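# Descriptive analysis of the structure
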Amino acid sequence: MFQFWPSVVKPILDAAEARRVIEVGADAGRHSRFLAGWAKAAGARLDIVDPEPGPEVARLCDRFAGVAVFHPRPSLDVLGDLLPADVVLLDGDHNWYTMYHELQAIYGGDGPLAPDAPITICHDVEWPYARRDLYYCPDRIPAAHRQPHRIGGLLPRERGLSPGGHNAGFAHAVEEGGPRNGVKTAIEDFLAGRGAEFHVVWLPLLFGLAVIVPQPRLAADREGRSAVLGGLELSPRCAACARSPSWNGLMPAARCWPPRDRGQDRRRGRAAGRGNFPARCPAQC
């Protein structure tokens, strides 16, 4: 998720005036470093949740003691105890069961949303995990909610598994698609029947990002949250480009997105972490 820091995550944290932030899924801590530095400057608290992070995360929390707190446990074991929060970032175990129940822990299963319900930012909502489960530790998922799975890699346009491909060393659902399979499916299932309670922005690039904003947050907008979210929306043409087979839904050009960066040269794009983008997308956005 760290690629989204300058153009999505930080503007949302600033607009929300966030003082409690939860990050689920730290891995090597590349995004955690941005969050911790921001939290220290903003006078905020950061809770980092990951059962098996890299050693950098513990060192980061030592460096930012009093600001960042590390919780080496699965998200569903600890998330409810860390709420309320202003912003929650979900980039942990990429499967239907975990994502669906993380959202239930954050927002509840039914009933009206709390006025302080957090903004949630979810990564990996496009290929390869939009419609396919990944299990870092299959035994953590109840058997009734596990797809048939095995170790194998993922390739665009292939519904099955490959000896090579993306994340070949992890357990994946054998087939892509179908009920209760994948991160985006989990978000859609959670939102079914509750869509009016949320405003959702889908960004179909860099494996995909979903920004879920409770309507009470927008209703209490004081510092232009609506404007920030509106600036994240892709044009229909650019969204179609991002999902095109030639791009595999991963990365449209720096000139396509974010909209407010349109016209910046490649040197500035590179400084923002987008230096590998080609000069133009196929749709000539």
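Presented here is an overview of the structure given in this document. Computed from a predicted structure; not experimentally measured. (Residues numbered from 1 in each chain as written. Predicted model: local features only at pLDDT ≥ 70, side-chain atom pairs only at ≥ 80, totals over all residues. Heavy atoms only, no water.)

### Some points on the overall build of the protein chain
Looking only at helices and strands, one finds 10 helices and 10 strands in the protein chain. Taken across its 285 residues, the protein chain has 51% of its residues classed as buried. Counted over contacts in the protein chain with a minimum sequence separation of 6, partners at least 24 positions apart contribute 67%. (Helix = DSSP H or I, 4+ residues; strand = E, 2+ residues; numbered from the N terminus. Buried < 20%, exposed > 50% of the residue type's maximum accessible area, 1.4 Å probe, protein only. Contact = heavy atoms within 4.5 Å.)

### Let's talk about the pairing of strand β3 (residues 68–71)
Across four bridges, the pairing between strand β2 (residues 45–49) and β3 is parallel. In the sheet register, valine 49 faces β3, and the bridge partner there is histidine 71. Considered for its hand, the β-α-β crossover made up of β2, helix α3 (residues 55–63) and β3 is right-handed. (Pairing = 2+ DSSP bridges. Right-handed = clockwise from strand over helix to strand, strands pointing away.)

### Observations concerning the sheet that holds strand β8 (residues 171–173)
If you walk across this open sheet you meet the three strands as β6-β8-β7, and the pairing is antiparallel. Taken across any chain shown, the strands that pair with only one partner, and hence form the sheet edges, are β6 (134–135) and β7 (149–151). Relative to β8, β7 runs antiparallel, the two being bridged by three bridges. Bridge assignment links histidine 149 to a residue of β8, and that residue is alanine 173.

### As for the packing of helix α5 (residues 96–107) against helix α6 (residues 183–191)
Two numbers describe how α5 lies on α6: the axes approach to 8 Å, and their chain directions differ by 35 degrees. Read as a crossing pair, α5 and α6 show a hand that is right-handed. Contacts between α5 and α6 pair Trp96, Met99, Tyr100, Leu103, Gln104 and Tyr107 from the former with Val183, Thr185, Ala186, Ile187, Asp189 and Phe190 from the latter. Here the residues of the contact of α5 with α6 are counted per class, giving nine nonpolar, two polar and one charged. (Axes fitted to C-alpha atoms, helices over the stretch in contact; angles between N-to-C directions. Left-handed = near helix turned anticlockwise from the far one by under 90°. Nonpolar A, V, L, I, M, F, W, Y, C, P; charged D, E, K, R; others polar.)

### Here's the deal with the side chain of aspartate 86
Residue position: aspartate 86 is located in the loop between α4 (75–82) and β4 (87–90). For aspartate 86, a relative accessible area of 17% corresponds to the buried category. When residues no more than four places from it in sequence are discounted, the contact partners of aspartate 86 are Ala18, Arg19, Arg20, Pro118, Ile119 and Arg217.

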